[in-house]
Amino acid sequence: MPHIVVLGAGVTGLSSAVRLQADGHIITIVARDFPAGSETIDAQSQINYTSPWGGAHNRLVPPTNASEEREHAMSLRTFAHMRAVHDRHPEAGVTFMKGVEYLEAPSEAYQALTEERATAQLGMQGFRRLGREELPRGVEWGCEYDTWCVNPMVYCGFLLRRFAIQGGKVLKREVRDPREIFSWKFEVGPVDTLVNASGNGFGDANMFITRGQTCLVANPCTATVTRQNADGSWTFCVPRNFDGGTIIGGTKEPDNWDPNPSLEVREALLRKFAATYPQILGPDGKFTVMKDIVGRRPTRKGGMRLESEIVGENKCIIHAYGLGGRGYELSWGVAEGVAQLLSEHLGSGSKL
């Protein structure tokens, strides 16, 4: 039986590892960082471990080109998987709720989005265009639809436990180059194929980080709400549930390596979201702030890298990284792609 090593224990690596187990492969996860509770994880030393800091929800993104069509198909695959996980494993940290979109300057793709296109062509559920009387001041277009959110700490921990109980092995180790893993000695035997789900690309010139600052508050919210402002900025909330609070965001700052949160930015994020969705405020009309969060989204020019590469003496690396802020949304679509690439390399059927 082939021994597959998955490099990286973020949502992409964990999803891929569990998916490959379903095909009967022997899997080891190698990573520097693994899921831990939000109360103890170190935001400074683990800032590059992106998954714990993600908003972790699924948003409507009408596709306008081939790359976006591919990502949309992956998001639908992930939606179906999250529904199944939610129904079978209530402890997994997945919650289904309404997603609300507000746009101040909607593009043609949004303006052309009808209920028929959303449901029949894009596979969305529960889609409804909002009436003008339902829109906040300054918003020109809005809709709601059925979607999901996860509590990242709970969900990633769930995936890791599922992986372990099904016989998966883990090794906590820092890696400088994926190719070095082929020379390591493992109890289960040599490495046949490596899945590079490390996020950072290891020297990929197309990779860059996108800094994001958000604020975690204790205020609950019954929907995940996103507002696209005319100036290109974003205002959003992502309920984590399972006693995980609600994320209020957020910034998108390419190539900004500053790890320190800004109090001024926090105040602006909270003020703008309260104006957009005042229902979130407590009885006293305030937010209960738990912590500021700064994360680094591993983003790639030209989109994600999902492909296989032969290195050395017929050693195969399957690359699965560079998803930016859409790691959770596309996770199970990417995992299926990894399984397909592995099947092609090994020349055997895969349960797709």
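Since this is a predicted model, take the numbers as computed values, not measurements. (Residues numbered from 1 in each chain as written. Predicted model: local features only at pLDDT ≥ 70, side-chain atom pairs only at ≥ 80, totals over all residues. Heavy atoms only, no water.)

Student: Tell me about the overall build of the protein, residues and numbers included.
Tutor: Each helix and strand counted, the protein has seven helices and 15 strands in total. Here the protein has a C-alpha radius of gyration of 20 Å; the compact-globule value for 352 residues is 20 Å, and the two agree. In the protein, which comprises 352 residues, the share counted as buried stands at 55%. Once local pairs closer than 6 in sequence are excluded, the contacts in the protein between residues at least 24 apart make up 73%. As displayed, the protein offers around 15,900 Å² of accessible surface, 49% of which is attributable to carbon and sulfur atoms. Charge centroids of the protein, computed over 38 positive and 40 negative side chains, lie 2 Å from each other. (Helix = DSSP H or I, 4+ residues; strand = E, 2+ residues; numbered from the N terminus. Rg over C-alpha atoms; globule rule 2.2 N^0.38 Å. Buried < 20%, exposed > 50% of the residue type's maximum accessible area, 1.4 Å probe, protein only. Contact = heavy atoms within 4.5 Å. Areas by Shrake-Rupley, 256 points an atom, 1.4 Å probe, with all protein chains shown as cover. Lys, Arg positive; Asp, Glu negative; His and termini not counted. Charge placed at Lys NZ, Arg CZ, Asp CG, Glu CD.)

Student: Got a sec to walk through the packing of aromatic side chains? Specific residues and values, please.
Tutor: Two measures describe an aromatic ring pair: the distance that separates the ring centres and the angle between the ring planes. Tallied over the entire structure, the rule returns six aromatic pairs. Between Phe79 and Phe96 the ring centres are 5.4 Å apart and the planes differ by 85°, which places this aromatic pair in the edge-to-face class. With Phe79 in helix H2 (residues 66–88) and Phe96 in strand S3 (residues 94–103), this residue pair connects regions lying 17 residues apart in the sequence. Its relative accessible area of 18% is what places Phe96 among the buried residues. Within the aromatic cluster, the residues linked to one another by ring pairs are Tyr155, Phe158 and Tyr328. (Phe/Tyr/Trp six-rings, centres within 6.5 Å; stacked < 30°, edge-to-face > 60°.)

Student: Now, about helix H7 (residues 327–346): what can you tell me, with residues and values included?
Tutor: Counted at 1.5 Å a residue, the expected span for H7 with its 20 residues is 28 Å, and the 26 Å between its end C-alpha atoms agrees. Where H7 bends most, at Gly333, the angle is about 35°. Downstream of H7 by a residue or two, Gly347 has a phi angle that is positive, lying close to 75°. (Expected span 1.5 Å × (residues − 1). Bend = angle between axes of the 7 residues up to and from the residue.)

Student: A description of the nonpolar core should follow, citing residues and the corresponding values.
Tutor: Counting 56 residues, the largest nonpolar core has Val94, Tyr155 and Val334 as the members making the most contacts within it. Setting aside its immediate chain neighbours within four residues, Tyr155 contacts Val11, Met82, Ala92, Val94, Val150, Tyr328 and Trp332. (Core = buried A, V, L, I, M, F, W, Y, C linked by side-chain atoms within 4.5 Å.)

Student: So what's going on with the side chain of Thr12? Residues and values would help.
Tutor: When you line up the elements, Thr12 lands in helix H1 (residues 11–21). For Thr12, a relative accessible area of 11% translates into the label buried. Residues contacting Thr12, with those up to four places away along its chain left out, are Ala197, Ala320, Leu323 and Val334.

Student: Requested: an account of the sheet that holds strand S15 (residues 315–321), with residues and values cited.
Tutor: Read from one edge to the other, the open sheet built from six strands follows the order S6-S2-S1-S7-S15-S14, with strand pairing classed as mixed. Of all the strands in the sheet, the pair left with one neighbour each is strand S6 (169–172) and strand S14 (305–311). Going from strand to strand, the sheet's axes swing by 20° on average, the running direction of each strand aside. The sheet contact formed by S14 and S15 spans seven bridges and is antiparallel. Within S15, the residue paired with Ile310 across the bridge is Cys316. (Pairing = 2+ DSSP bridges. Axes fitted to C-alpha atoms, helices over the stretch in contact; angles between N-to-C directions.)

Student: So what's going on with the pattern of salt bridges? Residues and values would help.
Tutor: Scanning the model with the defined rule gives 18 salt bridges in all. Among the salt bridges present, the one from Glu71 reaches Arg326, with a minimum N-O distance of 2.9 Å. You can see Glu71 sitting in helix H2 and its partner Arg326 sitting in the loop between S15 and H7, a full 255 residues away along the chain. Given a relative accessible area of 16%, Glu71 falls into the buried group. By relative accessible area, Arg326 is classed as buried at 16%. (Salt bridge = Lys/Arg side-chain N within 4 Å of Asp/Glu carboxyl O.)

Student: Outline helix H5 (residues 152–165), listing residues and values.
Tutor: The end-to-end C-alpha distance of H5 is 20 Å, a good match for the 20 Å that 14 residues give at a rise of 1.5 Å each. Every buried residue of H5 is listed here: Pro152, Met153, Tyr155, Cys156, Gly157, Phe158, Leu159, Leu160 and Phe163. Put simply, Asn151 is the residue that caps the front of H5, since its side-chain oxygen is 3.2 Å from the backbone nitrogen of Met153. At the exit of H5 stands Gly167, carrying a positive phi of roughly 100°. (Polar contact = N/O pair within 3.5 Å; in protein donor to acceptor, adjacent residues only side chain to side chain.)

Student: Provide a residue-level description of the confidence of the model for the protein, including the pertinent values.
Tutor: Per-residue pLDDT for the protein has a mean of 94; in total, 99% of the residues score no lower than 70. Taken as a whole, residues 348–352 scores under 50 in pLDDT and shows 13 contacts with residues more than four places along the chain or in a different chain. (pLDDT = per-residue confidence, 0-100.)

Student: Report on the environment of Asp292, specifying residues and quantitative values.
Tutor: For Asp292, the position within the fold is in strand S13 (residues 289–300). Residues Asp292 and Thr40, 252 residues apart in the sequence, show an inter-C-alpha distance of 14 Å. With residues up to four places along the chain from it excluded, the contact list for Asp292 reads Gln213, Thr214, Cys215, Pro261 and Arg266. Looking at Asp292, its side chain comes within polar contact range of the side chain of Arg266, at 2.9 Å.

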